[in-house]
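Residues per chain, in single letters:
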Amino acid sequence: MNFHVLTLFPEMIESGFHTSITGRALENGTIALDTINIRDYSANKHMRVDDYPYGGGAGMVMQAEPVHRAYKELCEKYIGRSFRVIYLTPQGSVFTQSMAEELAREEDLVFLCGHYEGIDERALELIVTDYISIGDYVLTGGELPALVMMDAIARLVPQVLNNKESAQFDSFHDNLLEYPQYTRPEEYMGMRVPEILLSGHHAKIEEWRRQQSLRRTRERRPDLLQNNPYLTEKDKRYLQDT
Ligand code: ADE
């Protein structure tokens, strides 16, 4: 997976991504990161990239030309590759795990990070394929949302997680929340680890964990149980009886 990020703050993307599991994946070449500073494509002698909005109003707007030029150079560098270009914006579709799964199958992804009051609509019309939001709140720029998306996507790329970190059983597997986890010691502040987890009885432990997932999902995210295609008859009976 090759991530290409068009941004005014490449150091923010680089330092965020060169850390922990994604940092390890960059080092061993499982994923690649290419940050492109939009300011380098300014045609202005003062390297300006923003200007006042036509029609008036608060704030500044990023100009179309530097964004479009940065993207065109990327296309020239990677002739023959086709890119999905994701623009991070609170006006986009809200990012979900299933979107991460779909995007993880791409060879290349381009993230376009805006600042100020956004980017001139013409640059967006020329290059953007997907408008994505990470939630219903407004941030100061697209860099943190790009990092959030890249992290969620990278961990689904084969070989990024090792066996111990496997994505197979985490929250949202089967569209359910994860069961509670415990580690040593067996007792902490008078609270004991549930006996079943110490029993060594694998089938019973699996059943208990499934039940905990169902309860937790019902309590915290009941919306995930509506039309959930992964619920078995046994799951439905458990939910009805408890
Ligand atoms: N830019 C500013 N706020 C955002 C959000 N919530 N999601 C994606 N991009 C953004």
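I will try to describe carefully the structure that is included in this document. All figures in this text were calculated on a predicted structure; none of them were measured in a lab. (Residues numbered from 1 in each chain as written. Predicted model: local features only at pLDDT ≥ 70, side-chain atom pairs only at ≥ 80, totals over all residues. Heavy atoms only, no water.)

1. Here's the deal with the pairing of strand E1 (residues 2-7)
Extensive coverage of E1 is indicated by the burial of 6 of its 6 residues. Bridging between E1 and strand E2 (residues 32-37) involves 6 bridges; their strand directions are parallel. Residue pairing across strands places histidine 4 opposite aspartate 34, the latter belonging to E2. Inspection of the sheet shows E1 paired to strand E6 (residues 108-112) by 5 bridges, in the parallel sense. (Buried < 20%, exposed > 50% of the residue type's maximum accessible area, 1.4 Å probe, protein only. Helix = DSSP H or I, 4+ residues; strand = E, 2+ residues; numbered from the N terminus. Pairing = 2+ DSSP bridges.)

2. Observations concerning the site of the ligand
Around the ligand lies a shell formed by Leu88, Thr89, Pro90, Ile132, Ser133, Ile134, Gly135, Tyr137, Val138, Leu139, Gly141 and Pro145. With respect to the ligand, the backbone of isoleucine 134 contributes an N or O atom lying 3.0 Å from a nitrogen atom. At 3.1 Å from a nitrogen atom of the ligand is found a main-chain nitrogen or oxygen belonging to glycine 135. Counting only elements with at least two residues in the shell around the ligand, the list comes to strand E5 (84-94) and strand E7 (130-133). For the shell around the ligand, the element with the highest residue contribution is E5, accounting for 3 residues. (Near = heavy atom within 4 Å. Polar contact = N/O pair within 3.5 Å; in protein donor to acceptor, adjacent residues only side chain to side chain.)

3. Remarks on a nonpolar patch on the surface
Taken together, Met12, Tyr137, Leu139 and Leu144 make up a surface patch of nonpolar side chains, about 350 Å² in accessible area. Of note, methionine 12 is situated in helix H1 (residues 10-17). (Patch = residues over 30% accessible without salt bridge, like charges linked within 9 Å, V, L, I, M, F, W, Y side chains within 5 Å. Areas by Shrake-Rupley, 256 points an atom, 1.4 Å probe, with all protein chains shown as cover. Salt bridge = Lys/Arg side-chain N within 4 Å of Asp/Glu carboxyl O.)

4. A short note on the packing of H1 against helix H6 (residues 143-154)
Interaxial distance between H1 and H6 falls to 10 Å at its minimum, and their mutual angle equals 30 degrees. Our classification of the angle between H1 and H6 gives roughly parallel. When the axes of H1 and H6 are compared, the crossing they make is right-handed. Contacts between H1 and H6 involve Met12, Ile13, Gly16 and Phe17 from the former and Glu143, Leu144, Ala146, Leu147, Met150, Asp151 and Ala154 from the latter. Split into classes, the residues belonging to the contact of H1 with H6 amount to 8 nonpolar, 1 polar and 2 charged. (Axes fitted to C-alpha atoms, helices over the stretch in contact; angles between N-to-C directions. Parallel < 35°, antiparallel > 145°, perpendicular 65-115°, else oblique. Left-handed = near helix turned anticlockwise from the far one by under 90°. Contact = heavy atoms within 4.5 Å. Nonpolar A, V, L, I, M, F, W, Y, C, P; charged D, E, K, R; others polar.)

5. As for the packing of aromatic side chains
Summed over all chains, the structure comprises 4 aromatic pairs. Their ring planes at 85 degrees and their centres at 6.3 Å tell us that tyrosine 78 and phenylalanine 83 sit as a pair that is edge-to-face. Chaining the aromatic ring pairs together yields one cluster made of Phe3, Phe17 and Phe111. (Phe/Tyr/Trp six-rings, centres within 6.5 Å; stacked < 30°, edge-to-face > 60°.)

6. Side note on helix H2 (residues 20-27)
The set of residues buried in H2 consists of Thr22, Gly23, Ala25 and Leu26. Taken down its axis, H2 places every buried residue within 160 degrees of arc, on the same side. Of the exposed residues in H2, the ones pointing more than 90 degrees away from its buried face are Ser20 and Glu27. Residues of H2 that are buried in the fold lie against H1, E2 and H6. Immediately downstream of H2, the backbone of glycine 29 shows phi near 80 degrees, a positive value. (Arc of directions from axis to C-beta.)

7. Describing the sheet that holds E1
Ordered in space as E2-E1-E6-E5-E7, the 5 strands form an open sheet in which the pairing is parallel. Unpaired on one side and paired on the other, E2 and E7 mark the two borders of the sheet. In this sheet, neighbouring strand axes are inclined to one another by 30 degrees on average, regardless of whether the strands run parallel or antiparallel. Packing of H1 onto the sheet brings it into contact with E1 and E2, and relative to E2 it is tilted by some 165 degrees. In this fold helix H3 (residues 64-77) packs onto E1, E2, E5 and E6, with an angle of close to 140 degrees to the strand it touches most, E2.

8. Remarks on the nonpolar core
By size, the foremost hydrophobic cluster in this structure holds 29 residues, and its most contacted members are Phe3, Ile31, Phe111 and Ile153. Elements represented by at least two residues in this core include exactly E1, H1, H2, E5, helix H4 (97-103), E6 and H6. When sequence neighbours within four positions are dropped, the list of residues in contact with phenylalanine 111 reads Phe3, His4, Val5, Leu6, Ile86, Leu88, Ala146, Met149, Met150 and Ile153. Formed by 23 residues, the second largest nonpolar core is a distinct cluster that contains Met62, Ala70, Tyr78 and Phe83. (Core = buried A, V, L, I, M, F, W, Y, C linked by side-chain atoms within 4.5 Å.)

Keep in mind that these numbers describe shape and distance, not what the molecule does.
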